[in-house]
Amino acid sequence: MPPIPLQRTLAIGSLIYAATLWGMMWYPYRLLNEAGVGGIASSLFTYAVPLLALGWLHGRELQRARSRWMWLAALGLAAGWTNLAYVLAMLQGEVVRVLLLFFLSPLWTVVFARILLHEKLNRGGWAVMVLAAGGAMVMLWQPGGDLPLPTNRAEWLALSAGVMFAFSNVISRHLGGVTEGAKSVSIWAGVVVLTLIGLWRYPGELDFIEQAGWGVWLLLLGVGLAIGSMTYAVQYGLARVPANQAIVIFLFELVVAAVAAYFLSMERMGLQEWVGAIMIVAASLFSGHMEDDQAKENPHA
């Protein structure tokens, strides 16, 4: 077996690094929330850190990509909502349940890839859609036989975050030739814009500023720097690893979060959630075969 090229190894490693940090990132956000820093305010400050500290480094890259500014804006808003909704869902809901709804991403990736990248759905794609949707139905099914929809705000936020995660990944693939730095700046700016809109509606979230100690500001700074590194890592990996394989690698986040939730918040899942989880994870694992048929039909594509 030929050795794996160093660049591909680094790309896979960067995705594992990002998945590991994201699997634990809910905890410092909960600590900030307990210290009086709401999810919208903490998202603003933690994403403003990399935007202000690193954004200026990519000015020329953004200038070169100005002909694609509409797609960069779409990436920023889609990824911005992904990150903001993810944080809010983690603060309000059960960690593992939020992540399972988030990782319905392969289902939405199929849809967006068909619309934006004109990728036809093959048998593997249909299987992924059915398996992922079935897993969600099992996990969300209520004893009374009601329609299996998310039951609270946190679950709706998690579901919408997964939709926008898939959308942003497909947009990132669509923006071939645009540097990781330019994409990262767009994502940070997208979160900042959305959080500013949120703070306009809920200005009380900024009340913590009057009494926040150094520990709170240092935690905000640390989380912001970690997020900056994760954004770079994700964009570097997505540019070099097929999106369907990336989804599988991102599943490592679910494992990390489940272990962290067990020890840090004593959260447990019942049999129904485990069955749905297995189906959703299987859908993500099988998503690596979604493009096989197309590759065979178009060997020179």
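Definitions and limits used
- Residues numbered from 1 in each chain as written.
- Predicted model: local features only at pLDDT ≥ 70, side-chain atom pairs only at ≥ 80, totals over all residues.
- Heavy atoms only, no water.
- Helix = DSSP H or I, 4+ residues; strand = E, 2+ residues; numbered from the N terminus.
- Buried < 20%, exposed > 50% of the residue type's maximum accessible area, 1.4 Å probe, protein only.
- Areas by Shrake-Rupley, 256 points an atom, 1.4 Å probe, with all protein chains shown as cover.
- 1 Å grid on protein atoms, 1.4 Å probe; cavity = no way out; pocket = protein on both sides within 12 Å on 5 of 7 lines; lining within 4 Å.
- Points joined across faces, edges and corners; volume = space filled by probe spheres on them.
- Nonpolar A, V, L, I, M, F, W, Y, C, P; charged D, E, K, R; others polar.
- Phe/Tyr/Trp six-rings, centres within 6.5 Å; stacked < 30°, edge-to-face > 60°.
- Contact = heavy atoms within 4.5 Å.
- Salt bridge = Lys/Arg side-chain N within 4 Å of Asp/Glu carboxyl O.

Draft legend 1. Layout of the overall build of the protein chain. From N to C terminus, the protein chain includes 14 helices and zero strands. Along its sequence from the N terminus, the protein chain presents helices and strands in the succession α-α-α-α-α-α-α-α-α-α-α-α-α-α. Here the protein chain, with 301 residues, has 50% of them falling under the buried criterion. Of the accessible surface of the protein chain, which amounts to about 14700 Å², a share of 68% is contributed by carbon and sulfur atoms.

Draft legend 2. View of the layout of surface pockets. Counted as a void, the largest pocket has a volume near 190 Å³. In terms of lining residues, the largest pocket is bounded by I40, W81, L84, L88, R153, L157, L194, T195, I197, G198, R201 and Y202. For the lining of the largest pocket, the secondary-structure elements that each account for two or more residues are α4 (69-92), α8 (153-174) and α9 (180-201). No other element matches α9, which puts five residues into the lining of the largest pocket. Taken together, the residues that form the lining of the largest pocket break down as eight nonpolar, two polar and two charged.

Draft legend 3. Spatial organisation of the packing of aromatic side chains. Here the structure, examined in full by the defined rule, presents eight aromatic pairs. A ring pair is formed by W22 and Y86, whose centres lie 4.9 Å apart and whose planes are at 75 degrees; its orientation type is edge-to-face. With a gap of 64 residues between them, W22 in helix α1 (residues 6-34) and Y86 in helix α4 connect regions that are remote in the sequence. Since its relative accessible area comes to 12%, W22 is described here as buried. Here F102 and F165 contribute two aromatic rings whose centre-to-centre distance is 5.1 Å and whose plane-to-plane angle is 35 degrees, an arrangement assigned as tilted. Linking F102 in helix α5 (residues 95-102) with F165 in helix α8, this pair joins segments that are 63 residues apart in sequence. By relative accessible area, which is 4% here, F102 ends up buried.

Draft legend 4. Local environment of the environment of F45. Looking at the element boundaries, F45 is found in helix α2 (residues 39-54). Residues F45 and G224, 179 residues apart in the sequence, show an inter-C-alpha distance of 7.3 Å. Apart from residues lying up to four places away in sequence, F45 is in contact with L206, F208, I209, W217 and L220.

Draft legend 5. Expanded view of the pattern of salt bridges. Here the structure, examined in full by the defined rule, presents two salt bridges. Salt-bridge contacts for E155 lead to R97; the nearest nitrogen and oxygen are separated by 2.3 Å. A residue pair is termed long-range when its members are at least 10 positions apart, and E155 in helix α8 and R97 in helix α5 qualify at 58 residues. Taking the shortest distance from any N to any O, the salt bridge between E180 and R240 comes out at 2.8 Å. Taken together, the residues span a long stretch of sequence, with E180 in helix α9 and R240 in the loop between α10 (214-238) and α11 (243-250) at a distance of 60 residues.

Draft legend 6. Expanded view of the side chain of S168. Inspection of the secondary structure assignment puts S168 in helix α8. On the accessibility criterion, S168 (6% relative accessible area) is buried. With residues up to four places along the chain from it excluded, the contact list for S168 reads L75, A78, A79 and T82.

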